[in-house]
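The chain contents come next:
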Amino acid sequence: MSSIKILAIETSCDESAAAIVSLDPSGNAFVLSSVISSQVELHAEWGGVVPNLAAREHLKNLPLVVEKSLKESRAKISDITALAVTNGPGLIPALLIGTEFAKTLAYRWDKPLLGIHHIEGHICANFIGSVSGGQFPVSVKNPSASIQNSQLKTENSFPGFPALCLVVSGGHTQLVLMREHFQYEIIGQTLDDAAGEAFDKVARILDIGYPGGPAVAARAANFQNPNVKCQIKSRRQYDENDDRPQTADDKSFFAKKYEVSLPRPMLNKKNFDFSFSGLKTAVLYETKKHPELLKEERYVNEICHEFQQAAIDVLVAKTIKAAAKYKPQTIMLAGGVSANMELRQQLGAAIKKNLPGVLYRIPDLALTGDNAAMIGAAAVLRWQKMNISQKEKASNSWKTLQTDANLKL
Ligand code: KG4
Ligand code: ZN
């Protein structure tokens, strides 16, 4: 049996991405190339992703990105076993460019085509691990960046099911229980805004930049460890019980505190659902109480820190509570917000403290945002499980594959 190579495409939001993922006869899978062209600078001007602009950019970038991924992987078209593309959920104009492009290639090259759920891709990013010497120099800048020679954790080498996955992206916040690959039970989810959406909206309220998640995280980190002496007069003197770290080089630094305090929505509810819309509104009310303070960097940093901590407190507490009930062997983190260092660290610490023996997997930082390597990872794992008639059916997907903005996991 020769090795399988899948060309994967992702265009569900504002990244045009392509990757080649291979599976060798002994069941080892590798990411041979992963190319991402981000539109973040284009959409920053508008403060959010503009679907039709995104589609126009995908149309321009996708052929180049696919070509580059093929070149970097050294795979020829004749080496490609099948194609895979994100067919939902996401922005319809953006999804359509990727799926129509993939369908055209599948027809032209006479290859099977797999439609992959975007969140399945994010979850599968956890099964990609770097092998020694593997590189992850991915940035979000154009023209593109690459991940090469990352080994995938295939079924036999996966640490263990059942697995509980906390999915946190711009469009989703879900606790997903997996008893095996591709079996998903959603045991909790947000009732309104997704976690990433709340980060983005808070950044907009505070006018601190786009994309919001990294901007809020950076300000929160600044609050915890300010490296400049704060000149701002506060309403309260430094409290000796305040455990925020002081700068190493300025022991006399006294952090000022504005006593921003935000709610932890749904924290004490028995279910595993979330709600972030009220938390975002609480930030809005806080800023309306003290509009004059918004000019003060320290105040804005403190809001970011408190908001981020409130979101993390709820995400971590619900995950631990769900794990206590469902007893997974592994807990995973997935989606764009899984790039948040505090969330990564605090969830890990809570698992270690409360659930000894439970494994904790987080995707490589380079694979937290939207990329095609994760779509390829899902596709090779699926391909491995497909029987002949399913593979034959995939040969007709160029005619039948549909996009769905609200595709269910
Ligand atoms: O998965 P993703 O790239 O796109 C969707 O599938 O939605 O997630 C994007 C989300 C955005 O809301 C972004 O602000 C958030 O992930 N994000 C972060 C961080 N990096 C990206 N949120 C918090 N902290 C971060 N470091
Ligand atoms: Zn995503």
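Nothing here was measured: the structure is a model prediction, and the numbers come from that model.

Engineer: Would you mind going over the packing of aromatic side chains with me for this structure?
Structural biologist: To describe a pair of aromatic rings, you give the distance between the ring centres and the angle between the ring planes. Under the definition given, this model contains five aromatic pairs. With a centroid separation of 5.3 Å and 70° between ring planes, the pair formed by Tyr258 and Tyr299 is classed as edge-to-face. In this pair, Tyr258 sits in the loop between helix H6 (212-224) and helix H7 (277-289) while Tyr299 sits in helix H8 (residues 297-326), placing the two residues 41 residues apart along the sequence. In terms of burial, Tyr258 and Tyr299 fall into one category: buried.

Engineer: So what exactly am I meant to see when it comes to unusual backbone geometry here?
Structural biologist: With the exception of glycine, most residues fall at negative phi, and the peptide bonds are largely trans. Going from Phe161 to Pro162, the amide bond is cis rather than trans, its omega being -5°. Tracing the backbone through its elements, the reader meets Pro162 in the loop between strand S7 (148-152) and strand S8 (163-168). A cis amide bond links Tyr210 with the next residue in sequence, Pro211, at an omega value of -5°. When you line up the elements, Pro211 lands in the loop between helix H5 (195-206) and H6. Positive phi, normally seen in glycine, also occurs at Phe182, with a value near 70°. By secondary structure assignment, the location of Phe182 is in the loop between strand S9 (173-178) and strand S10 (185-189). A positive phi angle is found at Glu259, which is not glycine, with a value near 55°.

Engineer: Got a minute to help me understand the environment of Ile80 in this structure?
Structural biologist: Within the secondary structure, Ile80 sits in the loop between helix H2 (51-73) and strand S4 (82-88). A sequence separation of ten residues divides Ile80 from Leu70, and the C-alpha atoms of the two residues are 9.5 Å apart. Beyond its immediate sequence surroundings of up to four residues, Ile80 is in contact with Lys5, Leu7, Ile20, Leu70, Ala75 and Lys111.

Engineer: Looking at this structure, I do not really get the environment of Trp383. What am I missing?
Structural biologist: Secondary-structure assignment places Trp383 in helix H10 (residues 373-385). The buried category is assigned to Trp383, whose relative accessible area is 6%. Linking Trp383 and Leu114, residues 269 residues apart in sequence, is a C-alpha distance of 8.6 Å. Residues within four places of Trp383 in sequence aside, it is in contact with Ile4, Ile6, Thr81, Ala82, Pro112, Leu114 and Lys391.

Engineer: Help me understand the coordination of the zinc ion (ligand 2) in this model?
Structural biologist: Think of it this way: four donors in a tetrahedron around the metal ideally sit 109.5 degrees apart, and six in an octahedron ideally sit 90 or 180 degrees apart. Protein coordination at the zinc ion (ligand 2) comes from His118 (NE2), His122 (NE2) and Asp370 (OD), with a distance range of 2.0 to 2.1 Å. The motif formed by the donor residues of the zinc ion (ligand 2), counted along the single chain, is H-x3-H-x247-D. Pair noted here: His122 is in helix H4 (residues 118-124) and Asp370 is in the loop between strand S12 (359-361) and H10, with a separation of 248 residues, a long-range link. Exposure remark for His122: the relative accessible area of 1% places this residue in the buried category.

Basis of the calculations
- Residues numbered from 1 in each chain as written.
- Chains lettered and ligands numbered in written order.
- Predicted model: local features only at pLDDT ≥ 70, side-chain atom pairs only at ≥ 80, totals over all residues.
- Heavy atoms only, no water.
- Phe/Tyr/Trp six-rings, centres within 6.5 Å; stacked < 30°, edge-to-face > 60°.
- Helix = DSSP H or I, 4+ residues; strand = E, 2+ residues; numbered from the N terminus.
- Buried < 20%, exposed > 50% of the residue type's maximum accessible area, 1.4 Å probe, protein only.
- Contact = heavy atoms within 4.5 Å.
- Donors = N, O, S within 2.8 Å, 3.2 Å for Na, K, Ca; no water.

Scope: geometric values only; no functional claims are made or implied.
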